[in-house]
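Fold and geometry: a report
For reference, the chains in residue letters:
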Amino acid sequence: MAQAHAGMALHGTQFFAREQWAGKGQRGRSWTSAPGENIVLSTVLQPVNLLITQQFSLSITVALACHDLFSRYAGAEETSIKWPNDLYWRDRKAGGILIENSFKGEQWAFAIAGTGININQASFPETARNPVSLKQITGRPFDAAALARELGACLDLRYEQLMSGEAVHLLSAYNARLYKRHQSVRLKKDNVVFETVVQAVAATGDLLTRDTMPRSFSFGEIEWII
């Protein structure tokens with residue numbers, strides 16, 4: 001982030017960390033990673049051709065790139081994207097995405113896409129939520145830095161789609177890979193737990209569900225109960 005603010009990290013620059021001691025997750029949570037075992041990657045993006053209102057389109061792009069990489073080794077049928085931007089294998093979390101944006105007035109100056117994907121880690125903190133790594137799934141170790149470069153290539157392809165005006169196609173691809181789509185899930189809102197069926201995610205980034213009536217939830221409004 002400091003490099004980007006200083007103009008020393010241009011679009012496409014990637015920072016791979018072998019050790020991280022203050023990893024951030026969504027909603028103020030922390031992200032922990034064993035040193036040297038996983039993908040801990042920050043990518044500088046300058047979405048100059050996008051409107052500020054298209055932030056979720058960028059989130060979709062990064063999520064699909066992570067899915068492209070992970071499903072290549074873990075299997076497409078069992079790899080999914082949990083709304084809004086977690087990478088899942090079956091019912092276990094394999095990775096997460098956190099995008100931090102910088103704006104100058106009405107201009108989207110740059111975004112830092114932080115991606116954490118479990119690759120070789122086999123032991124996780126007790127506080128971690130249903131974690132799983134690629135090594136646990138496949139039974140073999142991987143070169144995390146090499147996979148990070150593969151992730152960069154996946155992101156290049158998906159970002160090119162976004163810049164080519166394929167946001168609708170990307171949203172469709174995201175929904176095709178949506179965790180628990182057309183299935184009943186338990187969600188929590190304002191300390192009330194309820195069941196509802198996941199339908200899709202809208203272009204605005206809202207989660208659409210249905211039970212006795214159609215429902216729509218924005219990010220941070222609900223919590224998954226699994």
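Just above sits the structure.
About the criteria used
For every chain, the first residue of the written sequence is number 1, and numbering continues from 1 along that sequence. The predicted nature of this model means local features are confined to residues of pLDDT at least 70 and side-chain atom pairs, given and counted, to a pLDDT of 80 or more, with totals for whole chains, interfaces and linings taken over all residues. Note that the side-chain values use all heavy atoms of the structure and ignore hydrogens as well as water. Between rings of Phe, Tyr and Trp, where Trp is taken as its six-membered ring, a pair exists when centres lie within 6.5 Å; planes separated by under 30 degrees are stacked, by over 60 edge-to-face, and by other angles tilted. Each helix is a run of H or I in the DSSP string that is no shorter than four residues. Each strand is a run of E no shorter than two, and both are numbered from the N terminus. Relative accessibility thresholds used throughout: buried, under 20% of the residue-type maximum; exposed, over 50%; partly exposed, between the two (1.4 Å probe, protein chains only). What counts as an axis is a line fitted to C-alpha atoms, over the stretch in contact for a helix, and the angles between N-to-C directions run from 0 to 180 degrees. Each angle gets one of four labels, with under 35 degrees taken as roughly parallel, over 145 as roughly antiparallel, 65 to 115 as roughly perpendicular, and the rest as oblique. Here a residue-residue contact requires only that any non-hydrogen atoms of the pair lie within 4.5 Å. Note on residue categories: nonpolar means Ala, Val, Leu, Ile, Met, Phe, Trp, Tyr, Cys or Pro, charged means Asp, Glu, Lys or Arg, and polar means any other residue, Gly included. Should DSSP find at least two bridges between two strands, the strands are regarded as paired. What is meant by a nonpolar core is a set of buried Ala, Val, Leu, Ile, Met, Phe, Trp, Tyr and Cys residues, joined one to another through side-chain atoms within 4.5 Å. Here is the rule for handedness: rotate from the far helix to the near one, and if that takes an anticlockwise turn smaller than a right angle the crossing is left-handed, while a clockwise turn gives right-handed.

Some details on the packing of aromatic side chains
Any aromatic ring pair is given by two values, namely how distant the centres are and how the planes are angled relative to each other. Within this structure, the stated rule accounts for six aromatic pairs. Measuring from ring centre to ring centre gives 5.7 Å for Phe56 and Tyr174, while their planes differ by 75°; the resulting arrangement is edge-to-face. Here Tyr174 lies in helix H5 (residues 167–176) and Phe56 lies in helix H2 (residues 55–74), a separation of 118 residues in the sequence. We classify Tyr174 as buried; its relative accessible area is 0%. Seen from their ring centres, Phe194 and Phe217 are 5.8 Å apart, and the 35° between their planes marks the pair as tilted. Remark: Phe217 occurs in strand E10 (residues 214–217) and Phe194 occurs in strand E8 (residues 192–201); sequence separation between them is 23 residues. The two residues Phe194 and Phe217 agree in class, both being buried.

Examining the packing of helix H4 (residues 144–163) against H5
For the pair H4 and H5, the least separation of the axes is 7 Å and the interaxial angle reads 130°. In terms of axis orientation, H4 runs oblique to H5. Side by side, H4 and H5 meet where Arg158, Gln161 and Leu162 of the first sit next to Ala167, His169, Leu170 and Ala173 of the second. Of the residues assigned to the contact of H4 with H5, the class counts are four nonpolar, two polar and one charged.

Topic: the sheet that holds strand E2 (residues 39–45)
Overall, antiparallel pairing links the six strands, which are arranged E1-E2-E6-E5-E4-E3 in an open sheet. In this open sheet, the two strands that pair with only one neighbour each are strand E1 (14–16) and strand E3 (79–82). Strand-to-strand twist in this sheet, taken as the mean axis angle between neighbours without regard to direction, amounts to 20°. Taken together, the 10 bridges between strand E5 (residues 92–104) and strand E6 (residues 107–117) define a ladder with antiparallel strand orientation. Within the sheet, the bridge partner assigned to Leu98 lies in E6 and is Gly114.

Some words on the nonpolar core
Note that soluble globular proteins tend to have their nonpolar side chains buried in a common cluster. By size, the foremost hydrophobic cluster in this structure holds 53 residues, and its most contacted members are Ile39, Ile117 and Tyr174. At 11 residues, H2 tops the list of elements feeding residues into this core. If you look at the next biggest cluster of nonpolar residues, it comprises six residues, including Ala4, Ala9, Val44 and Ile112.

Some points on the side chain of Asn120
Counting through the fold element by element, Asn120 comes out in the loop between E6 and helix H3 (134–138). Setting aside its immediate chain neighbours within four residues, Asn120 contacts Glu37, Asn38, Ser133, Lys135, Pro141, Phe142 and Ala144.

Digging into the packing of H2 against H4
Close contact between H2 and H4 brings their axes to 8 Å; oriented N to C, the two are set at 135°. In terms of orientation, H2 and H4 fall into the oblique class. For the crossing formed where H2 meets H4, the hand is right-handed. Across the interface between the two elements, Ser57, Leu58, Thr61, Val62, Leu64, Ala65, Cys66, Asp68, Leu69, Arg72 and Tyr73 from H2 touch Leu147, Glu150, Leu151, Cys154, Leu155, Arg158, Tyr159 and Leu162 from H4. Looking at the contact of H2 with H4 residue by residue, the classes come out as 13 nonpolar, two polar and four charged.

Treat this as a map of the structure, not an account of what it does.
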